[in-house]
Amino acid sequence: MKTPMVYVNGRLYPEDQPHLSALDRGFTLGDGLFETMRAAGGRVFRWEDHLARLRRGAEVLAISLPGESALCDAVAAALEHRTGEPSLVRLTVTRGVDVGRGVAVPPGLTPTVVARAVPLVPPTTRGATAVVAPMRRNDTSPLSQVKAMGYGDSVLARRWAEQRGADEAV
């Protein structure tokens, strides 16, 4: 079995080894975007739709995306070790490494691109249970319309649901 790998800025790294800067704004501020995509046979299902949504999110956050070929290369590299098996690919783009501090965006940052592919786990045959969580997303925020990295409310809601024996939170 091959070692699981992750693509970061043009290189593949074993998943269990360090490969991101602790100063990356995605890590320090949640300043980035992601897409989670299904793939099989080395191809992503509805790639153009995912790319369009990533572009819309980058426009909202004013993050300069690498070109389409660079993003395709990242996804292809992540899928390479999956040998065509059905997979989920997460493509993450952050604003990049910032050696300063605070939320101001310094000029000239180079985005960080990360791609990781994992086995696609088929859904269970039983139904799912859901509860209405007390946490609410801010629907007036521009971030509610994009797949930005700040999913803290969703993580809390899911944990709340699991503590009550449910599979999901609404």
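For the structure, check the block above.
What counts, and at which threshold
- Residues numbered from 1 in each chain as written.
- Predicted model: local features only at pLDDT ≥ 70, side-chain atom pairs only at ≥ 80, totals over all residues.
- Heavy atoms only, no water.
- Pairing = 2+ DSSP bridges.
- Helix = DSSP H or I, 4+ residues; strand = E, 2+ residues; numbered from the N terminus.
- Salt bridge = Lys/Arg side-chain N within 4 Å of Asp/Glu carboxyl O.
- Buried < 20%, exposed > 50% of the residue type's maximum accessible area, 1.4 Å probe, protein only.
- Phe/Tyr/Trp six-rings, centres within 6.5 Å; stacked < 30°, edge-to-face > 60°.
- Lys NZ or Arg CZ within 6 Å of the ring centre and 35° of its normal.

Draft legend 1. Quick look at the pairing of strand β2 (residues 11-14). Of the strand pairs in this sheet, strand β1 (residues 5-8) and β2 are connected by four bridges, and their pairing is antiparallel. Each residue of the ladder has a partner; that of Y7, found in β2, is L12. In this structure, the hairpin formed by β1 and β2 is closed by a connection of two residues, where N9 is found at a positive phi of approximately 50 degrees.

Draft legend 2. Expanded view of the pattern of salt bridges. Going through the model one piece at a time under the given rule, you end up with ten salt bridges. A salt bridge links E15 to R116; the shortest N-O distance between them is 2.5 Å. One end of the pair, E15, is in the loop between β2 and α1 (25-29); the other, R116, is in strand β6 (residues 112-119), and 101 residues separate them in sequence. R116 gets classed as partly exposed once you look at its relative accessible area, which sits at 40%. A salt bridge links D31 to R25; the nearest nitrogen and oxygen atoms lie 2.8 Å apart.

Draft legend 3. Looking closely at the environment of P122. When you line up the elements, P122 lands in the loop between β6 and β7 (130-131). Given the relative accessible area of 62%, P122 is considered exposed. Considered as a pair, P122 and Q17 are 105 residues apart in the sequence and their alpha carbons are 28 Å apart.

Draft legend 4. Spotlight on the packing of aromatic side chains. Applying the stated rule across the entire model yields one aromatic pair. Measuring from centroid to centroid gives 5.3 Å for F34 and Y151, while their planes differ by 70 degrees, and the two rings are edge-to-face. Taken together, the residues F34 in strand β3 (residues 32-40) and Y151 in the loop between β7 and α4 (152-163) connect sequence positions 117 residues apart. For F34, a relative accessible area of 7% puts it in the buried group. Overall, Y151 belongs to the partly exposed group, its relative accessible area being 33%. When the ring centre of F34 is taken as origin, the NZ or CZ atom of R90, which lies over that ring, is 4.0 Å away. Positioned above the aromatic ring of Y151, the side-chain terminus of R137 is 5.5 Å from the ring centre.

Draft legend 5. Representation of the environment of A70 in the model. Within the secondary structure, A70 sits in helix α3 (residues 68-80). For A70, a relative accessible area of 31% corresponds to the partly exposed category. Sequence separation of A70 and M5 is 65 residues, and the distance between their C-alpha atoms is 18 Å.

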